[in-house]
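# Examining the three-dimensional arrangement
Read off the chains here:
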Amino acid sequence: MNIDYKESIPNNVNLEEDRRLQRALEKWRPMFFDWWRDMGPSDSADMDIYLRTAISVEPSGWANFDHVRMPDYRWGIFLAPAEDGRKINFGMHKGRPAWQQVPGEGRAELRRLIVTQGDTEPASVEQQRKLGKTAPSLYDLRNLFQVNVEEGRHLWAMVYLLHAHFGRDGREEAEALLERHSGDPDKPRILDAFNEETPEWLSFFMFTYFTDRDGKYQLAALAESGFDPLSRTCRFMLTEEAHHMFVGETGIGRVVKRACEIMSEQKTGEVRKFGGIDLPTVQKYLNFHYSVSMDLFGQELSTNAANYYTMGIKGRYRETEIEDDHVLIEDSYRVPEIRGNSIVTVDAPALKSINVRLRDDYVVDCQRGLDKWNKIIRNAGIDFELKLPDQGFNRTIGTFAGVEVSPAGKLLDADEWNRLQGDWLPTEDDKAFIKSLMGPVTEPGKFAGWIAPPAKGIYGQPLDFEYVRFN
Ligand code: BYC
Ligand code: FE
Ligand code: FE
């Protein structure tokens, strides 16, 4: 097979001259295309979509906009530029030069982290594959596909690391990333949240707000890695992640805005009667996606996390900006614990609490969006406030796995939980209602009735631009 590497796989990893990497990719790339055809966005092959393609890491090159067909999308391999003299900034190797090759000790752990990260990327594409059929506008359809191709590129990013740095077992793991599938009872995706369905657009917006934000925090922690290729890969991925979270934040904001418009115009709280999504339902979906995403941070006390940190392969959020010794052997951190009938906060060894610390940073970031949505509600003169549920609500990993906790943080017995959970999590009726609202809107500049138009178009284009052309 003859591939013009520079042209078909934009990259800054010198693929043109790397025969070993070429050979690995020659085998994997057709498998990726088969997977994209079978498991990627359904019935999208004939559409021309106004997409951003990264063709270099320069500011002028990484945001290139044009109409393309998704099968012709050029998935590239990009690392953020190398930093001269970069060091390992934490753990037992602190102060030594960052590794350019996989360190012998830590190889298994690094591979596991890269595989876990890589597994989520195609999983999300699988979860979202049917959404194109019910997009509320061409603008939204385009955003969905933009997210999908970039998650596809994130898979390429992890596969690049496996191919370039892990030899034979890396190549096997790269193939396995295309063999596990979201929700597959025999070969599921690794992390639970990636086996959930994303059956309609409210869930999609919640997913990109809450679950892609876990991606942001995990990638940021991996960007601190002493293994420099991983760090540089994650730093470039983070530039793309911002758009995914933007889609979620503005998507939910527009749903909230539409609900407020209906309430003001119709002078009623019965938003559903007028084809909108009522705020209590938004709260239920928020509760679900937030709690499922909280599980993605792992257990509160984790030996894995302590080892990753001590080995110098996964750090904390903005590690180098934190003022401590970056070894943490002496330090403690506040973690939640269940004592009798209440949830208390106790001191625990900082090393073992790395997952909680990252999660705490995540929670603060999550709240920012709620503040914006609540401002929309307040400005409409409506008395309602969206709230993040308690950290213990609806959890299946860690301290809260075996107990039931209300959104307000009260421990409940099984009866209370069974009686009340329908008030807090989407019921079958809620799900059926949301699904009933979904139907494609394909006329340029038109939007479904349950969502307000966005404030502006993409890359300076007007709202009635033909973001997607059907052929
Ligand atoms: N589901 O010691 P613990 C993204 C397992 S999202 C199932 O606390 P650790 C994206 C765990 O594996 C970001 N199993 O675990 C978003 C362990 O198994 P073993 C994805 C779970 O390692 C949207 C055991 O329980 N990236 O990019 O400290 C669209 C004990 O747990 C779960 C990463 O996650 C779970 N939720 O923490 C597209 C970064 N949680 O050892 C993309 C890489 C824990 O008993 N991954 N377990 O067999 C990691 O850093 C870690 O694996 C985790 C878990 C933070 C996920
Ligand atoms: Fe991603
Ligand atoms: Fe993402």
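Quick caveat: nothing in here was measured; it's all calculated off a predicted structure. (Residues numbered from 1 in each chain as written. Chains lettered and ligands numbered in written order. Predicted model: local features only at pLDDT ≥ 70, side-chain atom pairs only at ≥ 80, totals over all residues.)

### Quick notes on the overall build of the chain
For the record, the criterion: Helix and strand definitions here come from DSSP, where helices need a minimum of 4 consecutive H or I residues and strands a minimum of 2 consecutive E residues; each element is numbered from the N-terminal end. Radius of gyration here is computed from C-alpha atoms only, and the compact-globule reference equals 2.2 Å multiplied by the residue count raised to the power 0.38. Three exposure classes are used. Buried residues have 20 or more other C-beta atoms within 10 Å of their own C-beta, exposed residues have 12 or fewer, and partly exposed residues fall in between, all C-beta atoms being placed from the backbone.
Across its full length, the chain holds twelve helices and seven strands. Taken over the C-alpha trace, the chain has a radius of gyration of 23 Å; the compact-globule value for 471 residues is 23 Å, and the two agree within 12%. Summarising its shape, the C-alpha atoms of the chain cover approximately 65 × 65 × 40 Å along the three principal directions. Taking all 471 residues of the chain together, 44% fall into the buried category.

### A short note on unusual backbone geometry
We note that lysine 267 has phi near 50°; this positive angle belongs to a residue other than glycine. Relative to the elements of secondary structure, lysine 267 occurs in the loop between helix H7 (228-266) and helix H8 (279-294). Of note in this structure, arginine 318 is not a glycine but carries a positive phi near 50°. For arginine 318, the position within the fold is in the loop between helix H9 (303-310) and strand E3 (332-339).

### Let's talk about the site of ligand 1
So the rule is basically this: Note on definitions: a residue is near a molecule or strand provided its C-beta atom, placed from the backbone, lies within 6 Å of it. For this classification, the nonpolar set comprises Ala, Val, Leu, Ile, Met, Phe, Trp, Tyr, Cys and Pro, the charged set comprises Asp, Glu, Lys and Arg, and every other residue, Gly included, is treated as polar.
Taken together, 25 residues are adjacent to ligand 1, and Gly215, Gly298, Gln299, Ser302 and Asn304 come closest. Sorting elements by how many residues they give to the shell around ligand 1 places helix H3 (residues 107-127) first, with six residues. Classifying every residue of the shell around ligand 1 by side-chain character gives six nonpolar, twelve polar and seven charged.

### Here's the deal with the sheet that holds strand E1 (residues 48-53)
Strands in a sheet are paired, the pairing made by backbone hydrogen bonds, and the direction either parallel or antiparallel. Note the following rule: A pair of strands is labelled paired if DSSP reports no fewer than 2 bridges between them. Throughout, a residue-residue contact means that the two C-beta atoms, derived from backbone geometry, are no farther apart than 7 Å. For every element, the axis is a line fit to its C-alpha atoms; helices are fit only across the contacting stretch, and the angle between N-to-C directions ranges from 0 to 180 degrees.
Here we have three strands laid out as an open sheet, ordered E2-E1-E7, and antiparallel in their pairing. At either end of the open sheet lies a strand with only one pairing partner, and these are strand E2 (64-69) and strand E7 (468-469). The pairing of E1 with E2 spans six bridges and is classified as antiparallel. Looking at E2, one finds that arginine 52 is bridged to phenylalanine 65. Packed onto the sheet, helix H4 (residues 138-165) meets E1 and E7 and runs at close to 50° relative to E1.

### A closer look at helix H6 (residues 201-223)
Quick note on the threshold: Any helix carries an expected span of 1.5 Å times its number of residues minus one. One fitted axis covers the seven residues ending at a residue, a second covers the seven starting there, and the bend at that residue is the angle between these axes.
The end-to-end C-alpha distance of H6, which contains 23 residues, comes to 30 Å, matching closely the 33 Å that a straight helix rising 1.5 Å per residue would cover. At phenylalanine 207, H6 is deflected by roughly 35°, the largest bend along its length.

### Observations regarding the packing of H6 against helix H10 (residues 354-379)
Heads up, the rule is: Any angle that falls under 35 degrees is termed roughly parallel, while one over 145 is termed roughly antiparallel, one within 65 to 115 roughly perpendicular, and all others oblique. Crossing handedness follows the turn of the near helix against the far one: under a right angle anticlockwise gives a left-handed crossing, and clockwise gives a right-handed one.
Taken N-terminus to C-terminus, the directions of H6 and H10 make an angle of 140°; their axes are 10 Å apart at the nearest point. Relative to H10, H6 is oriented oblique. As for how H6 packs across H10, the hand of that crossing is right-handed. Of H10, the residues touching H6 (which contributes Tyr209, Phe210, Arg213, Asp214, Tyr217 and Ala221) are Leu358, Asp361, Tyr362, Asp365, Cys366 and Gly369. Counted by class, the contact of H6 with H10 contains seven nonpolar, one polar and four charged residues.

### A few points about the pairing of E3
Taken together, the eight bridges between E3 and strand E4 (residues 342-349) define a ladder with antiparallel strand orientation. Paired with arginine 339 across the strands is serine 342, a residue of E4. With antiparallel pairing between neighbouring strands as the criterion, E3 and E4 make up a hairpin whose turn holds two residues, including glycine 340 at a positive phi of roughly 60°.

### Focus on the environment of arginine 378
Looking at the element boundaries, arginine 378 is found in helix H10. Look at arginine 378 and you get partly exposed, because 13 C-beta atoms sit within 10 Å. In this structure the C-alpha to C-alpha distance between arginine 378 and alanine 54, which are 324 residues apart in sequence, comes to 39 Å.

### What to know about the packing of helix H2 (residues 19-39) against H4
Between H2 and H4, whose axes approach to 11 Å, the crossing angle comes to 150°. Comparing their axes, H4 and H2 come out roughly antiparallel. When you trace H2 past H4, the crossing you get is right-handed. Where H2 approaches H4, its residues Leu21, Ala24, Leu25, Trp28 and Trp36 are matched on the opposing element by Gly152, Val159, His163 and Ala164. Among the residues making up the contact of H2 with H4, the classes are represented as seven nonpolar, two polar and no charged.

### Re the environment of isoleucine 77
With respect to the helices and strands, isoleucine 77 occurs in the loop between E2 and H3. The buried category is assigned to isoleucine 77, around which 23 C-beta atoms lie within 10 Å. Remark: the alpha-carbon pair of isoleucine 77 and lysine 284, spanning 207 residues in sequence, is separated by 38 Å. With residues near it in sequence (within four places) discarded, isoleucine 77 still touches Ile9, Asn11, Val13, Leu15, Trp156, Ala157 and Tyr160.

### Details of the environment of proline 229
Secondary-structure assignment places proline 229 in helix H7. On the basis of neighbour count, proline 229 is assigned to the buried category, with 21 C-beta atoms found within 10 Å. For proline 229 and alanine 164, which are 65 residues apart along the polypeptide, the C-alpha to C-alpha distance reads 9.7 Å. Ignoring anything within four residues of it in the chain, the contact list for proline 229 reads Leu79, Leu161 and His165.

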